[in-house]
Amino acid sequence: MYGIINGITDTDYICYCPMCGEDVSTFYSDGTAECERCGQRFGVVICEED
């Protein structure tokens, strides 16, 4: 299932890879991180209720 989520991602909330569970240590200035084990690049968007 695919969709569009709008928001801001912040690397302060990224600790591990959601795909394989490996600790993440490679972070980018656009708010994403990359897993060194599986190569997945991802960001975390927190949804707040109105």
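Note: the structure precedes this text.
Along each chain, numbering runs from 1 in the same order as the chain's sequence is written. Only residues with pLDDT of at least 70 are given local features in this predicted model, and only at 80 or more are side-chain atom pairs given and counted; all residues enter the totals for whole chains, interfaces and linings. Side-chain measures were taken over the full set of non-hydrogen atoms in the model, leaving aside hydrogen atoms and water.

Asker: Tell me about the environment of Glu48, and please be specific about residues and values.
Answerer: Each helix is a run of H or I in the DSSP string that is no shorter than four residues. Each strand is a run of E no shorter than two, and both are numbered from the N terminus. As for its placement among the helices and strands, Glu48 is situated in the segment after β3 (41–43). A residue is classified by how much of its surface remains accessible, and Glu48, at 71% relative accessible area, is exposed. Exposed residues in this analysis have more than 50% of their type's maximum accessible area, buried residues have under 20%, and partly exposed residues fall in between, with area computed by a 1.4 Å probe over protein chains only.

Asker: Please provide a residue-by-residue account of the pattern of salt bridges, values included.
Answerer: The term salt bridge refers to a side-chain nitrogen of Lys or Arg lying within 4 Å of a carboxyl oxygen of Asp or Glu. According to the stated counting rule, one finds two salt bridges in the structure shown. Between Glu22 and Arg37 there is a salt bridge; the shortest N-O distance is 3.6 Å. Of the two residues, Glu22 sits in the segment before β1 (26–27) while Arg37 sits in the loop between β2 (32–34) and β3, which places them 15 residues apart along the sequence. Looking at Arg37, the relative accessible area reads 56%, which means it is exposed. When the shortest N-O distance is used, the salt bridge between Asp30 and Arg41 registers 3.3 Å. Here Arg41 lies in strand β3 and Asp30 lies in the loop between β1 and β2, a separation of 11 residues in the sequence. Looking at Asp30, the relative accessible area reads 47%, which means it is partly exposed.

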